[in-house]
Amino acid sequence: MEDKLEGFFTETDVEILISTMNQDSLDFLVPMFPFLHFSNFRILIINQTQIETILESEYANIRVINSFEKGLSKSRNLALETAQGKILLIADDDVIYHEGFVAKIINAYNQFPDAAAINFCAVKSDGSLMKNYPKHSKTNMNAFDVFNTSSIEMTLNKAILDKTKIRFDENFGLGGMFEMGEEAIFLFDLKNKKQQLVFEPEVIVKHPELTSSSKKSIEEKYYIQGALYTRIFKRNYIYWIFVKLFFDLKQHKIRFGKLKSALKNSKKGHQKFEKLQHGNKK
């Protein structure tokens, strides 16, 4: 029995990786954990800042790295490199965790110990689900599930990340050349290495704000999609642009009059990424 239990994850195995900017006090953690003091959790904070705004921690459980780089994917990668937990939870500084969220994460990993990533659900401030999630567990997320992912829903198995060496693509994400899509690329990179991606229909977190992507214009979004789909699907990128256009039309997210502009901008994004790739290969 003891041998069997040894392989099980426990709540102390979870480390929360928070990306933030210009913090000089841990006070921002208080609203994130309304049911328990934040020092009860293992937390790693990457604070992208300047020399004059340094964050420090007096708690053994809370580690802080002050970084003088910019870019969300750079922040996430620094967190992945320096994380110590076996299970890593990707976090922003403006989310609110639900009571029992760590237990839900651990239960899922004990059920799927070989999963590289397990995604959960998030709710809006009014308690309604942030998006249309599958109703049941999925043991192998498909392309549409991956594109539907937000970083705050993601948890990662550190041993598998260390083995596969998968990291966030620093050309994508806030502060990068293309300001969205880093989560999808990360998960597709894991998928391409034949790693298991699981979805659990359990709510772990609330996100009260509008996401930065919902504030972008159609032109900006399709410019980024052109680059994103090229990064993931290479020559097949245009097929996925048409799939995206179809769903956006169906869901009234785009008008017919905007189709030409969306296609034109996706081509610009595709070309920009191709140019970037060729530049990197030189």
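Everything quoted here is computed from the prediction, not taken from an experiment. (Residues numbered from 1 in each chain as written. Predicted model: local features only at pLDDT ≥ 70, side-chain atom pairs only at ≥ 80, totals over all residues. Heavy atoms only, no water.)

A.B. asks: So what exactly am I meant to see when it comes to the overall build of the protein here?
C.D. replies: Counting secondary structure elements, the protein contains nine helices and eight strands. When the backbone C-alpha atoms are referred to their principal axes, the protein occupies close to 60 × 50 × 45 Å. When the 282 residues of the protein are sorted by exposure, 48% land in the buried category. Residue pairs in contact within the protein that sit at least 24 positions apart in sequence constitute 71% of those at least 6 positions apart. Carbon and sulfur atoms make up 52% of the accessible area of the protein, which amounts to about 14,700 Å² in all. Here the protein holds 39 positive side-chain charges and 35 negative ones, and the gap between their average locations is 13 Å. (Helix = DSSP H or I, 4+ residues; strand = E, 2+ residues; numbered from the N terminus. Buried < 20%, exposed > 50% of the residue type's maximum accessible area, 1.4 Å probe, protein only. Contact = heavy atoms within 4.5 Å. Areas by Shrake-Rupley, 256 points an atom, 1.4 Å probe, with all protein chains shown as cover. Lys, Arg positive; Asp, Glu negative; His and termini not counted. Charge placed at Lys NZ, Arg CZ, Asp CG, Glu CD.)

A.B. asks: Would you mind going over helix α3 (residues 101-111) with me for this structure?
C.D. replies: One full turn of an α-helix is made of 3.6 residues, so residues set three or four places apart face in the same direction. If you check which residues of α3 are buried, you get F101, V102, I105, I106, A108 and Y109. Along the long axis of α3, the arc covered by the buried residues comes to 160 degrees, so they all point the same way. Facing away from the buried side of α3 by more than 90 degrees, the exposed set consists of N107 and Q111. At its buried positions, α3 is contacted by β1 (14-21), β4 (87-92), β5 (96-97), β6 (115-123), β7 (154-157) and β8 (196-206). (Arc of directions from axis to C-beta.)

A.B. asks: For this particular structure, what's the right way to read the environment of Q195?
C.D. replies: Position of Q195 relative to the elements: it lies in the loop between α6 (182-192) and β8. For the pair Q195 and T164, spaced 31 residues apart in sequence, the C-alpha to C-alpha distance is 9.0 Å. When residues no more than four places from it in sequence are discounted, the contact partners of Q195 are A116, I160, T164 and L190.

A.B. asks: Which parts of the structure should I look at to understand the side chain of D189?
C.D. replies: Its location among the elements puts D189 in helix α6. Under the relative-accessibility criterion, D189 is labelled buried at 15%. At 2.8 Å, the side chain of D189 forms a polar contact with the side chain of R231. Setting aside residues up to four positions removed in sequence, D189 forms contacts with I166 and R231. (Polar contact = N/O pair within 3.5 Å; in protein donor to acceptor, adjacent residues only side chain to side chain.)

A.B. asks: Mind showing me how you'd approach the packing of aromatic side chains here?
C.D. replies: To describe a pair of aromatic rings, one takes the distance between the centres and the angle between the planes. Counted according to the given criterion, the structure contains 26 aromatic pairs. Arranged with centres 4.5 Å apart and planes meeting at 25 degrees, the rings of Y97 and F101 form a pair that is stacked. Assigned by exposure class, Y97 and F101 land together as buried. Aromatic pair Y239 and W240: ring centres 5.6 Å apart, planes at 90 degrees, arrangement edge-to-face. Under the relative-accessibility criterion, W240 is labelled buried at 13%. (Phe/Tyr/Trp six-rings, centres within 6.5 Å; stacked < 30°, edge-to-face > 60°.)

A.B. asks: Where do I start with the confidence of the model for the protein in this structure?
C.D. replies: Close inspection of predicted coordinates is inappropriate for parts of the model with low pLDDT. Chain-level statistics for the protein give a pLDDT mean of 94 and a share of 95% at 70 or above. Note that residues 1-5 has pLDDT below 50 and, in this model, zero contacts with residues that lie over four places away or in other chains. (pLDDT = per-residue confidence, 0-100.)

A.B. asks: Just checking my understanding: could you explain the environment of L78 for this structure?
C.D. replies: Inspection of the secondary structure puts L78 in helix α2 (residues 72-82). Classification of L78 by relative accessible area gives partly exposed; the value is 25%. Those residues in contact with L78, other than ones at most four positions away along the chain, are I46, I65 and S67.

A.B. asks: Explain the pattern of salt bridges here, please?
C.D. replies: Oppositely charged side chains are able to pair whenever their charged atoms sit close together. This structure, assessed with the given rule, holds 13 salt bridges. The salt bridge partner of K131 is E153, with a shortest N-O separation of 2.8 Å. Here K131 is found in the loop between β6 and α4 (143-147), whereas its partner E153 is found in the loop between α4 and β7, with 22 residues between them in sequence. Of the two residues, K131 and E153, neither departs from the other in class, the shared state being buried. (Salt bridge = Lys/Arg side-chain N within 4 Å of Asp/Glu carboxyl O.)

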